[in-house]
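Notes for the structure review
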Amino acid sequence: QEQLVESGGGLVQPGGSLRLSCAASGFTLNDNAVIWFRQAPGGGREGVSCIDNSGSIPYYTDSVKDRFTISRDNAKNTVYLQMNSLKPEDTALYFCGTNIPVRDLTRRTLCLNPSHYNFWGQGTQVTVSS
């Protein structure tokens with residue numbers, strides 16, 4: 001069975017760091033575009049970062065540029081989101097998503113749009129508060 005499992009969230013003070021993990025099982029993530037998106041209470045889905053399905057080009061929404069880094073470890077079939085300099089406005093439930101079967105999302109606006117993904121996990125909570 002295909003699964004995506006997010007982990008690594010928690011409570012952190014402003015300025016702190018977390019590394020989120022997105023572990024895939026039952027399928028290979030290597031050739032897929034992968035997104036990290038987040039949803040705050042009462043809010044919609046916001047694309048945070050993604051890697052495309054061509055050259056694994058990373059993209060970031062403007063609010064997290066220079067603070068977050070997306071990466072993948074193909075051997076572990078896992079994608080990560082390193083989050084530094086966290087701000088209270090980063091507080092949200094964070095999901096990773098992909099497409100099964102693979103879909104081409106090789107443009108920034110496509111890659112970063114959560115609506116272009118059909119499969120995601122249960123999410124991991126990130127709370128940034130003093």
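Look above for the structure.
Here we summarise the structure given alongside this text. (Residues numbered from 1 in each chain as written. Predicted model: local features only at pLDDT ≥ 70, side-chain atom pairs only at ≥ 80, totals over all residues. Heavy atoms only, no water.)

Looking at the pattern of salt bridges
Under the definition given, this model contains five salt bridges. One salt bridge in this structure joins Arg 38 and Glu 46, with 2.8 Å as the shortest N-O distance. The closest approach of N and O atoms between Asp 62 and Lys 65, which form a salt bridge, is 2.9 Å. Take Asp 62: its relative accessible area is 57%, and that puts it in the exposed class. Through salt bridges with shared partners, a single ionic network connects Arg 38, Glu 46, Arg 67 and Asp 90. (Salt bridge = Lys/Arg side-chain N within 4 Å of Asp/Glu carboxyl O. Buried < 20%, exposed > 50% of the residue type's maximum accessible area, 1.4 Å probe, protein only.)

Things to note about the sheet that holds strand S7 (residues 68-73)
Strands belonging to one sheet form pairs held by backbone hydrogen bonds; the direction of such a pair is parallel or antiparallel. Taken together, the four strands give an open sheet; going across it, the order is S1-S3-S8-S7, and neighbouring strands pair in antiparallel fashion. Two strands close off the open sheet at either side, each with one partner strand: strand S1 (3-7) and S7. Pairwise comparison of adjacent strand axes, ignoring direction, gives a mean angle of 15° for this sheet. Here six bridges tie S7 to strand S8 (residues 78-83), and the two strands are oriented antiparallel to one another. Residue pairing across strands places Arg 72 opposite Val 79, the latter belonging to S8. (Pairing = 2+ DSSP bridges. Helix = DSSP H or I, 4+ residues; strand = E, 2+ residues; numbered from the N terminus. Axes fitted to C-alpha atoms, helices over the stretch in contact; angles between N-to-C directions.)

Nothing here speaks to function; it is all geometry.
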